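# Results of the structural survey
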Amino acid sequence: MLNITGPIQSSLPPSQGSTDQFLKVNQRISGEIISVTNENVVLAINGVQVVAKMTSAEQLALLLDQRFANFIVKDIANNQITLQLTASPAQKSNIQKSSTNNSLGMALLEQFGMPIDEANKSIVQAALNRGLKITPELINQLRQVLDGTAGWTQADVNLAVAIKSAGLPLTEGSLNLAQSSVKNIPANFLILISQMNEALNRPGLPAEIQQMIRSTLAALQNTMVQGGGTKENIEQNLMASIKGLGSSIENEISKIITQNIKVSQTSEFNNVLLNLASLRHELANTNMGRLFLAIDRFIEGMRWTHFVNIDPDQPIAKGQWTQMDLPVSFGFNHLNQAQQDSIHNLQIRVAHQEDDEEGSKINPNYTRLVIQVDLEENEMIKVDLSIVSQMIGADITGSNSEICSKASEELDELKLGLSNLGYTLKTSKIELGDTVLEMDLNESGKSLPTISSVDLGV
């Protein structure tokens, strides 16, 4: 099968109360790093999520490789916190080592006759860490795209190189999509559902907009996969979810243009994203800004999913995969009362097979199907099925011993279910461990080694 590397990243929407109740200027604090964007860091401090700025872009970039860090509160103004990273001796050593490793980048830049500045050195090092072939053309392309982002940081370099190494189109637009998209589908889903229900309860809402919200909300609710039901219901759920969310807005518009269908008839396509885009257009001149932004957030997250499914411009070592993230709930049907812990992330990955004549395609008789479900906080299960003809090898990974124990108890049921579908479970393995999806785009480069030398064979 295919060799695959790189975890998927996600971010949770932070919540922040009155910070001056427990944080003071010059206070030393420690926090768990939840997420890092190109502007802010989200920390968990004594169980409270806090959004903060760093004193410099370089300090923000240093947080990408850390889970916990120590800070000094430099300023609190207008409920905005500014922090300064305090480096431990080990962190200072890593910074010095990183500086030493730049010598390889300097040598390559000198060989190419290119400017040996900090920007080019960081680009070369990030590209080396991903195993890309370093050429003047590659450096110039990355530099040109990055220069389209004002005040770009090392995080942006890592992101641009990750897109390039995945064989995806690298442009200012694709980098901006990667930077701005919130890719946590369940969180986006819950926020959108909440804002749509809130909008319906607003007095004086025009009847036409009210009807649009109701119909779009119903279509959105149908995209949530209901776990724990019958096989037939789950199958119907999955089909409705993939049909509603699996096709991009651009693809749906192309169908309308190609088939010369009137806008009033587009409902027959049953594409939730197209319906949301239409609703967004109608809300443009209203004062429902939060719903407007929630729609944008959800659509942008799905645009990222569709973007990473683009055919790569060249074969890549990890192979090509079709990826789909969907909201899933277990035994919960009343979305109007949806809570954050009731919706989970269902991540589906299907491997492609390269064919000399037909190109990359999914061959149901020779493929790999990986399904990962986020259960509770930081708890997950991953089922990795290798399919050859009608025979299946199953690797099941749980993030704790209880999940592994339950998976072992249900192994016979899995075997029977596969048999009913015409497959034979030949081998199976259940293990405790990390459940990251190795085939996904590693946007931050957190788990990548730092390459400090290259054997040129001379």
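About the criteria used
- Residues numbered from 1 in each chain as written.
- Predicted model: local features only at pLDDT ≥ 70, side-chain atom pairs only at ≥ 80, totals over all residues.
- Heavy atoms only, no water.
- Helix = DSSP H or I, 4+ residues; strand = E, 2+ residues; numbered from the N terminus.
- Buried < 20%, exposed > 50% of the residue type's maximum accessible area, 1.4 Å probe, protein only.
- Contact = heavy atoms within 4.5 Å.
- Areas by Shrake-Rupley, 256 points an atom, 1.4 Å probe, with all protein chains shown as cover.
- Core = buried A, V, L, I, M, F, W, Y, C linked by side-chain atoms within 4.5 Å.
- Phe/Tyr/Trp six-rings, centres within 6.5 Å; stacked < 30°, edge-to-face > 60°.
- pLDDT = per-residue confidence, 0-100.
- Pairing = 2+ DSSP bridges.
- Axes fitted to C-alpha atoms, helices over the stretch in contact; angles between N-to-C directions.
- Expected span 1.5 Å × (residues − 1).
- Polar contact = N/O pair within 3.5 Å; in protein donor to acceptor, adjacent residues only side chain to side chain.
- Salt bridge = Lys/Arg side-chain N within 4 Å of Asp/Glu carboxyl O.

Time to look at the overall build of the protein chain. When you go through the protein chain residue by residue, the secondary structure sums to 14 helices and 14 strands. Across the 458 residues that make up the protein chain, the buried fraction comes to 43%. Long-range contacts, defined here as pairs at least 24 residues apart, represent 62% of the contacts in the protein chain between residues at least 6 apart. Here the protein chain has roughly 24300 Å² of accessible surface; of this, 49% comes from carbon and sulfur atoms.

Counting residues in hydrophobic clusters, the biggest one holds 52 residues, and the most contacted among them are Leu192, Ile213, Leu291 and Phe298. Counting residues per element, this core draws most heavily on helix H7 (residues 185-200), which supplies eight residues. Not counting residues within four places of it along the chain, the set of residues in contact with Leu192 comprises Leu220, Leu276, Leu291, Ala294, Ile295 and Phe298. Membership of the second largest hydrophobic core comes to 31 residues, among which are Leu104, Leu108, Ala127 and Val308.

This brings us to the packing of aromatic side chains. Applying the stated criterion across every chain, the model contains one aromatic pair. Look at Trp304 and Phe307: their rings are 5.6 Å apart centre to centre, the planes differ by 35 degrees, and that puts the pair in the tilted class. A residue pair is termed a helical-turn pair when its members lie 3 or 4 positions apart in one helix, as Trp304 and Phe307 do in helix H12 (residues 289-307) at three residues.

This part is about the confidence of the model for the protein chain. Overall, the prediction assigns the protein chain a mean pLDDT of 79, with 79% of residues at 70 or greater. Helix H2 (residues 89-112) is the least confidently modelled element of the protein chain, averaging 62 in pLDDT, while helix H4 (residues 136-146) averages 94, the highest of any element. Counted against residues more than four places away or in other chains, residues 263-268, with its pLDDT under 50, gives three contacts.

The sheet built from five strands closes into a barrel, its strands ordered S1-S2-S3-S5-S4 with mixed pairing. Across this sheet, the average inter-strand angle for adjacent strands is 55 degrees, counted without regard to direction.

What follows concerns helix H3 (residues 118-129). Spacing of three or four residues puts side chains on the same side of an α-helix, whose turn is 3.6 residues. Given a rise of 1.5 Å per residue, twelve residues ought to cover 16 Å, and the 16 Å separating the end C-alpha atoms of H3 matches this to within 8%. Among the residues of H3, Ala119, Asn120, Lys121, Ser122, Ile123, Val124, Gln125, Ala126, Ala127, Leu128 and Asn129 are the ones counted as buried. Following H3 by one or two positions, Gly131 adopts a phi angle in the positive range, close to 75 degrees.

Once that is clear, we can look at unusual backbone geometry. In this structure, Ser389 takes a positive phi of about 55 degrees despite not being glycine. Tracing the chain through its elements places Ser389 in the loop between strand S12 (380-388) and strand S13 (391-398). Residue Ser389 is classed as partly exposed on the basis of its relative accessible area of 42%.

Right, let's talk about the environment of Phe298 for a bit. Summarising the element assignment, Phe298 is placed in helix H12. In this structure the C-alpha to C-alpha distance between Phe298 and Ala187, which are 111 residues apart in sequence, comes to 9.0 Å. Not counting chain neighbours up to four residues away, the residues in contact with Phe298 comprise Asn188, Phe189, Leu192, Leu220, Leu245, Leu273 and Leu276.

Given a rise of 1.5 Å per residue, twelve residues ought to cover 16 Å, and the 16 Å separating the end C-alpha atoms of helix H5 (residues 154-165) matches this to within 8%. Most of H5 sits out of view: nine of its twelve residues are buried. The complete set of buried residues in H5 reads Ala155, Asp156, Val157, Asn158, Leu159, Ala160, Val161, Ala162 and Ile163. Positive backbone phi, at 75 degrees, marks Gly167, one or two positions downstream of H5.

The next subject is the side chain of His344. Mapping His344 onto the fold places it in strand S8 (residues 344-351). His344 sits in the buried class, given a relative accessible area of 10%. A polar side-chain atom of His344 sits 3.0 Å from the main-chain carbonyl oxygen of Asp374. From its side chain, His344 meets the backbone oxygen of Leu375 in a polar contact 2.4 Å long.

It is worth spelling out the pattern of salt bridges at this point. This model, assessed by the stated rule, comprises nine salt bridges. Asp117 is the partner of Arg143 in a salt bridge, and the nearest nitrogen-oxygen pair spans 3.3 Å. With Arg143 in helix H4 and Asp117 in the loop between H2 and H3, the pair connects residues that are 26 residues apart, well separated along the chain. Judged by relative accessible area, which is 22%, Arg143 ranks as partly exposed. Note that Glu402 is salt-bridged to Lys406, the shortest N-O span being 3.5 Å. Remark: Lys406 and Glu402 occur in helix H13 (residues 401-409); sequence separation between them is four residues, near one turn of the helix. The structure contains a network of salt bridges with shared partners spanning Asp117, Arg143 and Asp147.

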